[in-house]
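This is what each chain is made of:
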Amino acid sequence: MRRSRVPGRVLQALVAVFLYAPILVLIFFSFNSDKSRVSFKGFTLDWYKRLFENEQVLSALSLTLILALLSALIATVIGTVSAVGIYNMKKRPRKILLALNNVPVVNPDIITGVSLMLVFVLFVTFLRSLGVGAGLGFTTLLIAHVTFNIPYVILSVLPKLRQLNKNTYEAALDLGANPLRAYMRVILPEIMPGVVSGAIIAFTMSIDDFLISYFTTGTSVQTLPMRIYSMTRKRVSPEINALSTLMFVTVLALLIIINILQARDQKKKERRL
Amino acid sequence: MKKNVIILIAALLLLAGCQSATPAQGTQTDNAQSGGGTQVSGDVYVFNWGEYMDEELNNAFGEATGIQVHYSTYQNNEMLYSTLMGGGSNYDVIIPSDYMISRMIEEDMLLTLDFANIPNFANIDADLKNPAYDPENLYSVPYAWGTVGIIYDTARVSEPVDSWGALFDERYSGEILMFDNPRDAFGIALKLLGHSFNTTNEAELRGAYDLMVTQKPLVQGYVMDQIFDKMENGEAILAPYYAGDAITMMETNEDLAFVFPKEGTNIFVDAFCIPKGAANKTAAEKYIDYMCSYEAGLANIDFTGYSTPLIDVYESLDDEVKNDGISYPEDMTGFETFTNLPGWVNDLYAELWTDLRK
Amino acid sequence: MKKRGGLLAAPYTVWMALFTVIPMLLVVYFAFTGEDGRFTFGNFSQLLGYGAVFGRSFWLAALATVVCLAVGYPLAYAMSRETGAVRNTAMLLLMLPMWINILLRTYAWMSILENKGLLNQLLSFLRLPPVRIINTPAAVALGMVYNYLPFMVLPILTVIQKIDGSVIEAAQDLGGSQFTVFKRVILPLSLPGVLSGVTMVFVPGVSTFIISQLLGGGKSMMLGDLIEMQFLGSTYNPYLGSAISLVMMVIVLISMAVMNRFGEGEEEVMVL
């Protein structure tokens, strides 16, 4: 394995250029004093100022974060409990449940979105026929997000359950702990990494989702991706570039901080050894 | 790697915490959550065309009345119809065009308005009251009217443009934009073939479809509001569009010009309506009334470039605007409105439109 | 304990019944219903007319998948051979764009590909003829490759990294050349990653409507566009929309099943 690393490096560099050129273009034009997307007329920070004054974008941002947080939380609780349940099931029902669980994962997002919309609209129509004013909105959006998040939680908790040493749990029971207590004290800590990574995946999926939200939201409840979509359907304002730049910088900064923290952590561990 | 992500998320969560602590944003989501029904807090959900209102007015209305406006946009009448039919939405104010209003009346999708709450209705031009699409004027209050024509780049056309035929000219292959909605798009082909916009003759419609199919290879894209960027930046040479928006584009790009094709064109009215299921009808009527006030009307016409139905706004306009030949054309022979079509023709439109785009 | 533990999944079973099973059944119901509310096969016979859209969607998604694989596999392999800081940086660089919303990533390409966009400005600066790529299927395919490339690389990389170094050493000790070791050891062992990458590129690709709308100018209509048009677009017909969804779903599920035959029947999903 002592072959030259040059071709690999060249490939990596080329892909990096491919991946980042468009993003750099976005960033560059966020400082353009002209509205044009293709010719640079002068430096300005106006678009950033406008972005922070744009209430629609700000409320969409907070909605997106609240939605992601709530849906990830609910999905993690339901998902973890269900994973334990599924793990304890007999083979036959377990297989059926896992197959169903996989449906939102495998299905194209647009179909998940459309099919949920059909159910929600049916439900809303039913409520309206009872005289209850109802419509698609935050609640349906939340249900949709929880629905597509749970499977990811289950799929990341299950492998941890399989790795579990059953004896410790039974030992705890033998020592007189009730099942709930034994579960909380013995099993939960062991599957925790799976739970946390499930929660993270759920949160990210929810933040990034456009398609399913597009079909399951109603009157004026718009997540950030939906706001961006409607911005691209109109006369485009460089505010969108400013928004991309801010997102990019935020993620970049977080990743760098994490890396530094991690490196420090590792050093500490090494020292301890 | 996983650990990286975990910490990243933790940080993001923190961020989320800060965000949701802001009170204004908090209340907005609360309103959203309650969905409709029992709103007494005074929210009004407005659904309008894109690029079709001075949105500052929504804030001004909110400050003046305490009614918070939630504003979102759609791209064409048919999308509005789909959203109302299948989207489980509950908007309070919508602004469809004439033919769509009459379709919605026919399909029982609108509420009758209480004109006692809309005193500014008196200010609407008498010619626009009791229109054919709403003969007893029970459901609608005109917002703006306008016409359709061709907007083109004078520097890059080979000869003066005066016919819809220019949009089918192979010399402009790849430089033509087309309407992204069935009525407006088919209307052009129908007029070019010498038919009425409102034909219910299947052969005529299929003929228009065939013409559109031959045009498709020449078309750069089917667009609605994306047209602003494309024409202003010289991405395309020719496009049919609404006169008001053409005026707006011409302000940015001096090479652009606008013409009413000789075969005749569409004249339309867009009007405020309140759809069934609206939770806050009184607030909606207040909103409509506000938008018919002199100040709001003037601001909107100024922003959109469309033609005003408000008498006092029209009277206050400069002669330059009144006589620009676009907003308030002198000679309107050959101008035709869209009317609502029988169900089977609407279905045929949908079918042919999907076929064209496939 | 086993039996009672199973009850913990009961709430989720109800949830799935409500929000996974019933929605799917509704799609099936709508697909076989006409506007008059009666049972019909009409939607499917109408659907035959849209073969071109099916063809284009599957062809473009397949093209994007192949390109992603052709670039992504060597890339993943090259990254797997890096060590320490270089590899960490490379992974960060690969993942960073994924955190930016797909709409923004796609929108960025608009300014580059337009007729008077940056690419053509560059070409005219170099005195080369301009290219017309915006609003063509090629632009859509490019958009897919750009957006989904990391989804191809990451699963392959994860799998290659997991390959036991001693297996490779053993193969080398037995006299295997660089190429043989790759062909006989690394490639077969990385196949699950490839399959998972192919799925993660192909499925969103075949159903996208964002990329085709932004970069295709509404001319290269894909299945996603067609479905969106029937539900919230300019030709309201949820019955036809459901029929298209149903057919697309069946095709996707069948191809997944076929792929899983080749891969291992893992119950887990590939996760970063």
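Whatever comes next refers back to the structure up there.
Here is what the cut-offs are and how they apply
- Residues numbered from 1 in each chain as written.
- Chains lettered and ligands numbered in written order.
- Predicted model: local features only at pLDDT ≥ 70, side-chain atom pairs only at ≥ 80, totals over all residues.
- Helix = DSSP H or I, 4+ residues; strand = E, 2+ residues; numbered from the N terminus.
- Buried ≥ 20, exposed ≤ 12 C-beta atoms within 10 Å, placed from the backbone.
- Contact = placed C-beta atoms within 7 Å.
- Rg over C-alpha atoms; globule rule 2.2 N^0.38 Å.
- Nonpolar A, V, L, I, M, F, W, Y, C, P; charged D, E, K, R; others polar.
- Core = buried A, V, L, I, M, F, W, Y, C linked by C-beta atoms within 7 Å.
- Domains from an automatic or database assignment.
- Expected span 1.5 Å × (residues − 1).
- Bend = angle between axes of the 7 residues up to and from the residue.
- Pairing = 2+ DSSP bridges.

> Quick rundown of the overall build of chain B? Include the residues and the values.
In terms of helices and strands, chain B carries 14 helices and 10 strands. With 358 residues in all, chain B has 52% of them scored as buried. A separation of at least 24 residues holds for 78% of the contacts in chain B among residues at least 6 apart in sequence.

> Tell me about the overall build of chain A, and name the residues and values.
If you tally the helices and strands in chain A, you get 11 helices and 0 strands. What you see in chain A, going N to C, is helices and strands ordered as α-α-α-α-α-α-α-α-α-α-α. Taking 19 Å as the expected radius of gyration for a compact globule of 273 residues, we find that chain A reaches 24 Å, considerably beyond that expectation. Viewed in the frame of its principal axes, chain A has a C-alpha envelope of about 75 × 70 × 35 Å. Summarising the internal contacts of chain A: among those between residues at least 6 apart in sequence, 78% fall at separations of at least 24.

> Describe the interface of chain B and chain C, with residues and values.
Contacts between chain B and chain C engage 28 residues on the former and 24 residues on the latter. Among the elements that take part in the side of chain B that touches chain C, helix α4 (residues 77–86) of chain B stands out by supplying 7 residues, more than any other. Of the residues contributing to the side of chain B that touches chain C, the split by class is 10 nonpolar, 12 polar and 6 charged.

> Describe in detail the nonpolar core, supporting the description with residues and values.
Counting 254 residues, the largest nonpolar core has Val93, Ile151, Leu238 and Tyr287 of chain B as its most contacted members. Broken down by element, this core gets its largest block of residues, 16 residues, from helix α8 (residues 137–162) of chain C. The residues that make up this core include at least three from each of domain 1 (40–145 + 268–322) and domain 2 (147–267 + 331–357) of chain B. Contacts of valine 93 of chain B, omitting those with residues within four sequence positions, involve Val44, Val46, Phe47, Phe272, Ile274, Ala284, Tyr287 and Ile288 of chain B.

> Before we move on, could you go through helix α6 (residues 138–163) of chain A and cite the residues and values that matter?
Residue and element names in this part refer to chain A. Spanning 26 residues, α6 covers 38 Å between terminal C-alpha atoms, matching the ideal 38 Å at 1.5 Å per step. At asparagine 149, α6 is deflected by roughly 25 degrees, the largest bend along its length, and proline proline 151 occurs up to four residues later in sequence. In terms of burial, α6 is largely enclosed, as 19 of its 26 residues are buried.

> Give me the lowdown on the interface of chain C and chain A, citing residues and values where you can.
In many reports, interface size means the accessible area that the parts give up when they come together. Every contact between the two is made by 71 residues of chain C and, on the other side, 65 residues of chain A. Among the elements that line the side of chain C that touches chain A, the one with the most residues is helix α2 (residues 10–31) of chain C, at 14 residues. Of the residues that constitute the side of chain C that touches chain A, the class distribution is 50 nonpolar, 14 polar and 7 charged.

> Any chance you could break down the pairing of strand β6 (residues 219–223) of chain B for me, citing the residues and the numbers?
All names here are of chain B. Summarising burial for β6: 5 of the 5 residues are buried, a large majority. Pairing between strand β5 (residues 176–179) and β6: 4 bridges, direction parallel. For methionine 178, the partnering residue across the bridge sits in β6 and is tyrosine 222.

> How would you explain the environment of phenylalanine 115 of chain B if you had to name every residue and give the values?
Residues and elements named next belong to chain B. Looking at the element boundaries, phenylalanine 115 is found in the loop between α5 (98–106) and β4 (141–153). Phenylalanine 115 gets classed as partly exposed once you count the C-beta atoms within 10 Å, which come to 15. The sequence separation of phenylalanine 115 and phenylalanine 258 amounts to 143 residues, and the corresponding C-alpha distance is 37 Å.

> For helix α4 (residues 51–81) of chain C, give the residues involved together with the corresponding values.
Since the α-helix packs 3.6 residues into each turn, any two residues three or four apart lie on the same face. With 31 residues, α4 of chain C extends 44 Å from end C-alpha to end C-alpha; this agrees with the ideal 45 Å at 1.5 Å per step. If you look at α4 of chain C, its biggest bend is around 25 degrees, right at glycine 72 of chain C, and the proline proline 74 of chain C turns up within four residues after that.

> Describe unusual backbone geometry, naming the residues involved and giving the relevant values.
In this structure, asparagine 137 of chain B is a non-glycine residue whose phi angle is positive, near 50 degrees. Relative to the helices and strands, asparagine 137 of chain B resides in the loop between α5 and β4. We classify asparagine 137 of chain B as partly exposed; it has 19 C-beta atoms within 10 Å. Of note in the backbone geometry, arginine 127 of chain C takes a positive phi value of approximately 60 degrees without being a glycine. For arginine 127 of chain C, the position within the fold is in the loop between α7 (118–125) and α8.

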